[in-house]
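# Report on the structure
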Amino acid sequence: MALQNKIDELQKKREQAFQGGGEKAMEKQNAMGKLSARSRILSIVDLDSFQEYDLFVEHEARDFDMAKKVLAGDGVITGTGTVNGMPICIYAQDFTVAGGSLGSMHAKKIVKIMDHALKMRMPLIGINDSGGARIQEGVNSLAGYGEIFFRNTLASGVIPQISVILGPCAGGAVYSPALTDYVFVVDNISKMFITGPEVIKTVLGEEISMEDLGGARVHSEITGNAHFFAYTEVECFEQIKKLLSFIPHNNLEKHRTLEAKLPKPEFKIGEIIPEDPRLPYDVRDVIKSVVDDSDFFEIQERWAGNIVIGYGRINGRTVGFVANQPLVLAGVLDVDSSNKAARFIRYCDAFNIPIVTLVDLPGYLPGVDQEHAGVIRHGAKILYAYSEATVPKISVILRKAYGGGYIAMNSRHLRADFVFAWPSAEIAVMGPEGAANIIFRKEIMEAENPDEMRRIKVKEYTEKFANPYVAASKGYVDSVIAPSETRKVVAHAIEVSGNKFIGGPSKKHGVPPF
Ligand code: HXC
């Protein structure tokens, strides 16, 4: 056969494989508002940058008439490309081919691209749209999942791993996304659960829709399993590209520095905190008044709103922000917010991203629910994460820093490199009302006018402790700064932490309160 004929034959084979599960299956996919697996990849990577591998892989299933079935690419597309000009590895399960179910060859394709990502230290993006383990392939499919989970764990802290849930992600399949760093979901499209509605109905007799069980809103608002929520797939792809523009592409990368931009003038840092210390404000306004172009990329925006986490840039360099949010539950730490912050701190630490912590909280959330939900164990995670982190760690105490909250939020005692406080800071064991009621209880009870005496004692306590100067006099606070000085002071702190190196005692690894 002349070479041209062979090339034509190749083209024909390619076109056949590009059909996926065929026209009808593709129509069904589109009718659900879902793009094809190939279009999804092409929408994420830079134009003309995608190189596919293993297009002609064939499945090895022989039972249940499987030998007769041709499954294009065995239901998954794998390859490399660039995003914002940076190389990445990517795979997308194709639901039109046997429901995107994971057979042994399908798994081998994923594992191969994962190995490449880890070897070459490139981010890995996995698009999940699958009915789970391919039932006809039995234990071989389970083995495939095991191999994927093992690699997710191996790659953790070396390369960013991104999971995009664009269809069902059912059964044990959910544990790959759960082991990765960022999970993206899309309204009405993403469905993630361990046991589906039918099993729940059979076992528990309860009726629930897939959406209410494990839809995009459930995972971004209730479980916290998802980090980014989008209304459409296209919006989701833009979020992925934006995330990749902020984070280093592996744990060895020296930081990228973009052109520095000033914050937008509408964010006036000196006017955000209300005069009355009992009134809330949106801490995201403080972040936006500090970061370049006021561009703050928030993570897990819809879950555990009492803490805010995300990325911004200062003088062109990515910084991770952890900030108590006075707008939600007065910014307290609880089970969910501790989990949210602790994981993010560990991520920043693994990928050499400096952490800026903005402090304003009355402490840990009291109550039977929290105690019984394990706030002791979960709350400890944030202490562990800050203590363990060796990236530059900078705190700015904006207002309240009471009790355990003061210690937990990157205090000097957990080895913050720099602690700054605004003049509005109140650093104390507890709030003035509670403190006065305890330490002056006798005087208040025995006074002719207990209310008046309480007022006097609260004032006395406030004047003595509700300020940053006691902590500054001990060196626990490095500088008391005006709000308008924050960006400059934080930028300087990062600049002079450039060669930070800390060693600890020799050990295999610690045992965090998982
Ligand atoms: C083989 C599967 C499959 C699977 C779907 N298909 N899931 N084939 N193994 N796990 C096939 C269907 O037979 C069908 O083939 C095609 O994919 C499309 O599926 P439909 O059911 O028609 O689609 P839809 O109505 O949209 O429903 C999607 C679904 C449903 C909700 C995902 O297919 C479903 O419930 N699947 C099973 C989900 C599940 O329980 N998975 C867990 C498996 S156990 P045809 O030929 O008709 O087009 C598991 C354990 C892993 O994953 C443990 C790892 C540790």
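Residues numbered from 1 in each chain as written. Predicted model: local features only at pLDDT ≥ 70, side-chain atom pairs only at ≥ 80, totals over all residues. Heavy atoms only, no water.

## Quick look at the site of the ligand
- The full set close to the ligand counts 18 residues, and Gly99, Gly131, Ala133, Ile135 and Gln136 are the nearest of them.
- Taking alanine 133, its main chain carries an N or O atom lying 2.9 Å from a nitrogen atom of the ligand.
- Computed on the free molecule, the ligand has an accessible area of 1000 Å², of which 53% lies beneath the protein chains in the complex.
- Sorting the residues of the shell around the ligand by element identifies helix H5 (139-155) and strand E5 (161-170) as the ones contributing at least two each.
- At three residues, H5 tops the list of elements feeding residues into the shell around the ligand.
- Considered class by class, the residues forming the shell around the ligand number 10 nonpolar, six polar and two charged. (Near = heavy atom within 4 Å. Polar contact = N/O pair within 3.5 Å; in protein donor to acceptor, adjacent residues only side chain to side chain. Areas by Shrake-Rupley, 256 points an atom, 1.4 Å probe, with all protein chains shown as cover. Helix = DSSP H or I, 4+ residues; strand = E, 2+ residues; numbered from the N terminus. Nonpolar A, V, L, I, M, F, W, Y, C, P; charged D, E, K, R; others polar.)

## A few points about the packing of helix H16 (residues 432-439) against helix H18 (residues 450-465)
- It is at 9 Å that the axes of H16 and H18 come closest, and there the two elements cross at 115 degrees. With respect to the hand of their crossing, H16 and H18 are arranged in right-handed fashion. From H16, Pro432, Glu433, Ala435, Ala436, Asn437 and Ile439 reach across to H18, where they touch Arg454, Lys457, Val458, Tyr461 and Thr462. (Axes fitted to C-alpha atoms, helices over the stretch in contact; angles between N-to-C directions. Left-handed = near helix turned anticlockwise from the far one by under 90°. Contact = heavy atoms within 4.5 Å.)

## Section: the packing of aromatic side chains
- A complete count under the given rule lists 13 aromatic pairs for this structure.
- Look at tyrosine 311 and phenylalanine 344: their rings are 5.3 Å apart centre to centre, the planes differ by 55 degrees, and that puts the pair in the tilted class. Placement of tyrosine 311 in strand E10 (residues 307-314) and of phenylalanine 344 in helix H12 (residues 335-350) is noted, with a sequence separation of 33 residues between them. Judged on exposure class, the residue tyrosine 311 and its partner phenylalanine 344 are both buried.
- Among the aromatic side chains, those forming a connected cluster through ring pairs are Tyr182, Phe184, Phe228, Phe246, Phe297, Tyr311, Phe344, Tyr347 and Phe351.
- Residue placement shows arginine 302 over the ring face of phenylalanine 229; its charged tip is 3.8 Å from the ring centre.
- Positioned over the ring face of phenylalanine 465 is lysine 464, at 5.6 Å from the centre of the ring. (Phe/Tyr/Trp six-rings, centres within 6.5 Å; stacked < 30°, edge-to-face > 60°. Buried < 20%, exposed > 50% of the residue type's maximum accessible area, 1.4 Å probe, protein only. Lys NZ or Arg CZ within 6 Å of the ring centre and 35° of its normal.)

## What about the pattern of salt bridges?
- On inspection of all chains with the given rule, the structure shows 29 salt bridges.
- For the salt bridge of glutamate 52 with arginine 38, the shortest nitrogen-to-oxygen distance reads 2.4 Å. With glutamate 52 in strand E1 (residues 51-53) and arginine 38 in helix H3 (residues 37-44), this pair connects stretches of sequence that are 14 residues apart. Here glutamate 52 and arginine 38 have matching classes, each one buried.
- The structure contains a network of salt bridges with shared partners spanning Lys34, Arg40, Asp129 and Glu233. (Salt bridge = Lys/Arg side-chain N within 4 Å of Asp/Glu carboxyl O.)

## Some thoughts on a nonpolar patch on the surface
- Taken together, the side chains of Val429, Met430, Ile438 and Ile439 define a hydrophobic patch exposed on the protein surface, amounting to about 400 Å² of accessible area.
- In this structure, valine 429 sits in the loop between strand E15 (426-428) and H16.
- The exposure class of valine 429 is exposed, given its relative accessible area of 67%. (Patch = residues over 30% accessible without salt bridge, like charges linked within 9 Å, V, L, I, M, F, W, Y side chains within 5 Å.)

## A look at the environment of proline 263
- For proline 263, the position within the fold is in the loop between helix H10 (233-246) and helix H11 (283-288).
- Here the alpha-carbon distance between proline 263 and leucine 142, two residues 121 residues apart in the chain, equals 50 Å.
- Look past the residues within four positions of proline 263 in its chain and what remains in contact with it is Lys288, Ser289, Val290, Val291, Asp293, Ser294 and Arg487.

## Digging into the side chain of threonine 318
- Within the secondary structure, threonine 318 is located in strand E11 (residues 317-324).
- Aside from chain neighbours lying at most four places away, what touches threonine 318 is Phe246, Tyr311, Gly312, Arg313, Ile353 and Pro354.

## Examining the side chain of aspartate 360
- Looking at the secondary structure, you find aspartate 360 in strand E12 (residues 355-361).
- Here the side chain of aspartate 360 touches arginine 399 through a polar contact of 2.9 Å, side chain to side chain.

## Looking at the pairing of strand E6 (residues 182-186)
- Within E6, five of the five residues are buried, which leaves it mostly tucked inside the rest of the structure.
- Here E6 shows a buried face lined by Tyr182, Phe184 and Val186 and a second buried face lined by Val183 and Val185.
- Inspection of the sheet shows E6 paired to strand E8 (residues 228-230) by three bridges, in the parallel sense. Note that in E8 the partner of valine 185 across the bridge is phenylalanine 229. (Pairing = 2+ DSSP bridges.)

## Focus on the environment of leucine 102
- Position of leucine 102 among the secondary structure elements: in the loop between strand E3 (86-93) and helix H4 (104-120).
- Of the residues examined, leucine 102 reaches a relative accessible area of 1% and is grouped as buried.
- Residues leucine 102 and threonine 232, spaced 130 residues apart in sequence, show a C-alpha to C-alpha distance of 25 Å.
- Ignoring anything within four residues of it in the chain, the contact list for leucine 102 reads Gln93, Ala107, Ile110, Ser130, Gly132, Ala133, Arg134, Ser141, Gly144, Tyr145 and Ile148.

## Notes on the pairing of strand E13 (residues 393-402)
- Among the 10 residues of E13, 10 are classified as buried, and the element is accordingly described as predominantly covered.
- Bridge count for E12 against E13 is six bridges, and the pairing is parallel. By the bridge assignment for E13, valine 356 is matched with isoleucine 394.
- Judged from the four bridges that link them, E13 and strand E14 (residues 418-421) form a sheet pairing that is parallel.

## What to know about unusual backbone geometry
- Even without being a glycine, aspartate 74 presents a positive backbone phi close to 50 degrees.
- Among the secondary structure elements, aspartate 74 is positioned in the loop between E1 and strand E2 (76-83).
- Despite not being glycine, alanine 98 has its phi angle at roughly 50 degrees, a positive value.
- Judged by its relative accessible area of 39%, alanine 98 falls in the partly exposed class.

## Notes on the nonpolar core
- With 64 residues, the main nonpolar core has Tyr182, Ile240, Tyr311, Val322 and Ile397 as its most contacted residues.
- Not counting chain neighbours up to four residues away, the residues in contact with isoleucine 397 comprise Val359, Tyr406, Val419, Phe420, Ala421, Trp422, Ala425, Ile427 and Val477.
- In terms of nonpolar packing, the next biggest core, distinct from the first, is built from 28 residues, Ile272, Val283, Val396 and Ala493 among them. (Core = buried A, V, L, I, M, F, W, Y, C linked by side-chain atoms within 4.5 Å.)

These results come straight from atomic positions and should not be treated as a statement about function.
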